[in-house]
Amino acid sequence: MSERKLLMIPGPINFEPSVLRVMSTTTPSHVSPTFIRLFGEALQDLKKIFCTNSAQPFVIAGSGTLAMEMAVVNLVEPGDNVLVVSTGYFGERYAEILKRHNVKVDELKYAWGEAAKPEVIKEKLEDKNYKIVTVTHVDTSTGVANDVESIGDIVKDFETLYIVDGVCATAAMPERMDEWGIDVILTASQKAIGVPPGLALLAFSQRALRVYEKRKIKVDNYFMDIGNWLPVLKAYETGQAAYFATPPINLVFALHQSLRLIVEEGIENRFRRSKIIGQAVRSAIKTLGLTIVPRKPKYAADTLTAVHYPNNVNDLDFRKTMADKQGVVVAGGLGKLKEKIFRIGHMGPIAANDVVATVSAIEKTLLVLGYPCKLGEGVASAQKILQEL
Ligand code: PMP
């Protein structure tokens, strides 16, 4: 069986060959001039991705979950009130993480498929003093995108710090940190950033850094304490080296290369491309008579599409046929949507023809599994939208 597969899951994604190539560079010292320069440039480019001039980026070995935890452990102290806006599996994970840190967690929970209502968040913030509110930009379990901008407009009027989990959105959907008043954005390398798994990426606003500086109690985790990392990142940004813990050098090379590609394309162009691709996928799915998990079209994320299985189509059969016969790998559901949905990831350096191939594979697979659809109909409706690229 061929090993060639088109990976269309919501992370890890298909990586650019040039990004993979730089990972096989001979590893230099972390204080070598080459590494200092590339790390410094990557930190500058990261600010462009987060649409910020003033926030402090962090690049740490780890995954998105580490980034989630790192964002909060530096800002909470025992007894603080935190509001977790939960629109799926990763919102629930945020609450779990926070509960380990001796804080009072209120969860504003929405049914999976719904997006958070900014006016309800406002009421919550008026009712109680929250030190932090966390929002998942795109919950990867549902494909729902929250309106991070409108929520930011509300949080701006309160003392509350605004943390956005951008793992499934950053670099594909706008997250204008300065303009929208976001205090911490956290993300991971393996999705729209376009770098193999292994990097936790964050940016802290100056306001968040001040809250950190005023802590009464030390951060209860040594590795994640931003106080240990700040001098290191500031050094690399100014062309010097510093050491706290050995950086993942080859992954930083990959980050540098991928961010260069994104900046070359233009971050606004990338946002536009993601939007068109998302619309094309959803249009094809609708044409095939399938429904998506987001309950309103305006909730749908540009980075992935979560689709309900039609009656009598079995999850394992579907994904196995897709992968083995059509060479396209899509993801199953998470948590309570396991076996009920499949998820198509479409972020990063994705081409129009990757969408066409995926939709075509879905049509053929559904047909083989007994779902009545006409070959080519979904593809045609996707193509119509992909013309805009
Ligand atoms: N948040 C979101 C929205 C995610 O999609 C994921 C991973 N799919 C995570 C957090 C956790 O990231 P990781 O798996 O890299 O730990």
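Scroll up for the structure.
As the structure is a computational prediction, the values presented were derived from the model and not from experiment.

What about the site of the ligand?
Here is step 1: Near the ligand lie 13 residues; those nearest to it are S63, G64, T65, T140 and D165.
Here is step 2: A distance of 2.3 Å separates an oxygen atom of the ligand from a polar side-chain atom of T140.
Here is step 3: Calculation on the ligand without its partners gives an accessible area of 390 Å², and the protein chains cover 86% of this total.
Here is step 4: Taken together, the elements giving at least two residues each to the shell around the ligand come down to helix 3 (64-73) and helix 4 (89-99).
Here is step 5: No other element matches the three residues that helix 3 contributes to the shell around the ligand.
Here is step 6: By residue class, the composition of the shell around the ligand is four nonpolar, six polar and three charged.

A short note on the packing of aromatic side chains
Here is step 1: Counting across every chain of the model gives twelve aromatic pairs.
Here is step 2: Ring geometry for F35 against F39: centres 5.3 Å apart, planes inclined by 45 degrees, an arrangement best described as tilted. On the criterion of helical spacing, the pair formed by F35 and F39 is a turn pair, its members being four residues apart in helix 2 (residues 33-49).
Here is step 3: Take F35: its relative accessible area is 0%, and that puts it in the buried class.
Here is step 4: Here Y309 and F318 contribute two aromatic rings whose centre-to-centre distance is 5.3 Å and whose plane-to-plane angle is 75 degrees, an arrangement assigned as edge-to-face. No difference in accessibility class separates Y309 from F318, as the two residues are buried.

Side note on helix 4
Here is step 1: All of the buried residues along helix 4 are F90, G91, Y94, A95, I97 and L98. Along the axis of helix 4, the buried residues cluster in a sector spanning 160 degrees; they form a single face.

As for the state of the cysteines
Here is step 1: Taken as a whole and judged by the stated rule, the model has zero disulfides.
Here is step 2: There is no disulfide at C168, and the cysteine sulfur nearest it, in C51, is 17 Å away.

Basis of the calculations
Residues numbered from 1 in each chain as written. Predicted model: local features only at pLDDT ≥ 70, side-chain atom pairs only at ≥ 80, totals over all residues. Heavy atoms only, no water. Near = heavy atom within 4 Å. Polar contact = N/O pair within 3.5 Å; in protein donor to acceptor, adjacent residues only side chain to side chain. Areas by Shrake-Rupley, 256 points an atom, 1.4 Å probe, with all protein chains shown as cover. Helix = DSSP H or I, 4+ residues; strand = E, 2+ residues; numbered from the N terminus. Nonpolar A, V, L, I, M, F, W, Y, C, P; charged D, E, K, R; others polar. Phe/Tyr/Trp six-rings, centres within 6.5 Å; stacked < 30°, edge-to-face > 60°. Buried < 20%, exposed > 50% of the residue type's maximum accessible area, 1.4 Å probe, protein only. Arc of directions from axis to C-beta. Disulfide = S-S within 2.5 Å.

These values are about where atoms sit, not about what they do.
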